[in-house]
Amino acid sequence: MEKMEALYHEKAVENGSLMISACGFDSIPAELGLMFNSKQWEEPAVPNRVEAYLSLESDKRIVGNFGTLESAVLGVANVDKLQALRKSRPRRARPMIPGPPPSKGPTIEHQKKVGLWAVRLPSADSIVVRRTLSTLTENPHGLPGVSESDEHIEKRKNFWLSMKPAHFGVKLGSKSLLGVFRFIAVGINIGLFGSLSFGRWLLLKFPSIFTLGWFRKKGPSEEEVESATFKMWFVGQGYSSANLASQGGNIKPDTEIITRVMGPEIGYLTTPIILLQCALILLSQRKNLPKGGVYPPGIVFGPTDLQERLQQNGISFDVISKDALSS
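Model, not experiment: these values are computed from the prediction. (Residues numbered from 1 in each chain as written. Predicted model: local features only at pLDDT ≥ 70, side-chain atom pairs only at ≥ 80, totals over all residues. Heavy atoms only, no water.)

**Observations regarding the side chain of Arg156**
Phase 1: Mapped onto the fold, Arg156 is located in helix H6 (residues 150–162).
Phase 2: When its relative accessible area of 6% is taken as the criterion, Arg156 is described as buried.
Phase 3: Not counting chain neighbours up to four residues away, the residues in contact with Arg156 comprise His141, Gly142, Leu143, Pro144, Glu148 and Pro303. (Helix = DSSP H or I, 4+ residues; strand = E, 2+ residues; numbered from the N terminus. Buried < 20%, exposed > 50% of the residue type's maximum accessible area, 1.4 Å probe, protein only. Contact = heavy atoms within 4.5 Å.)

**What about the sheet that holds strand E6 (residues 228–239)?**
Phase 1: Spatially, E3-E4-E5-E2-E6-E7-E9 is the arrangement adopted by the seven strands of the open sheet, whose pairing is mixed. Each of the sheet's edge strands pairs with one partner strand only, and the pair in question is strand E3 (108–111) and strand E9 (316–324). Direction aside, the axes of adjacent strands within the sheet are offset by 25 degrees on average.
Phase 2: Here strand E4 (residues 116–120) runs beside strand E5 (residues 167–174); their pairing, made up of four bridges, is antiparallel. When the sheet's bridge partners are listed, Arg120 is paired in E5 with Lys171.
Phase 3: Contacts from helix H12 (residues 266–284) reach strand E2 (46–58), E6 and strand E7 (255–264), with the element oriented near 105 degrees to E7. (Pairing = 2+ DSSP bridges. Axes fitted to C-alpha atoms, helices over the stretch in contact; angles between N-to-C directions.)

**Some details on the packing of aromatic side chains**
Phase 1: Enumeration according to the criterion identifies eight aromatic pairs in this entry.
Phase 2: Their ring planes at 65 degrees and their centres at 4.8 Å tell us that Phe25 and Phe230 sit as a pair that is edge-to-face. Residue Phe25 is found in the loop between strand E1 (18–20) and helix H2 (27–39), and its partner Phe230 is found in strand E6; the two are separated by 205 residues along the sequence.
Phase 3: Here the aromatic residues Phe198, Trp201 and Phe206 are joined through ring pairs into a cluster of three or more. (Phe/Tyr/Trp six-rings, centres within 6.5 Å; stacked < 30°, edge-to-face > 60°.)

Listed below in structure tokens is the structure:
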């Protein structure tokens, strides 16, 4: 995604070609889920951090698409090239986030509020969100459309002015501690074997063995797809007042807002739903979207009715709780 942006963004702007990356799971739920959580912070309250906890659930067993595994393996194989690309690119603008940056925290976390044990997920979602926030920092009113009406211009500006940036991360969650150790074991296998040519051959030749049954070449059965669901919890912590956040020092958050995005199986059901609705918006609302460029989905689809469309097709957005935190 970042390579495509580096190679083609300027050309796309010149030619009026709009290219949007990551229009599936779990980048769209991550971006829209963060925005949904942000909307719940009513002035003068401000968020400082939002941690997303992804939980995959099924009455049978969780089996992933082989293409997802292949993408992860190739990502590990090309990590040096990605780091070199990032170093070669100019530093993007960073949003002003109230309060001190959060600590990294423990490797394994027990998030009691959502009932999950969790470990950090090295996915692209944090980078996708960061790209959207950088673009928004450079364009506080969002990206102007090709030929927007005055009404839509006002709608777009109000939407982005209501968004409050926050530090963001994603963790993979399990109801049991044993499940987290399984995540770690599979991650170690992909990390170690994915860096070697022979190791990649082993991973992709025998996926079921090296991923402890999570991936297989033929993918999940229809029954496994039908029984699977996902829940993505967004635990936002911040301050009841921006003045409190600006006092300096290591001031701890005093407010917590938890929201959730929930839907059917991620690869064969949720991703097609998301991709199709993104395509329909591109077709029907092109005049309200940026003229051209290579962008992450949030900065393009944020002010549209994508969230409402997803809700009409089985993906829900819910507010779970709003609480004061003890010092």
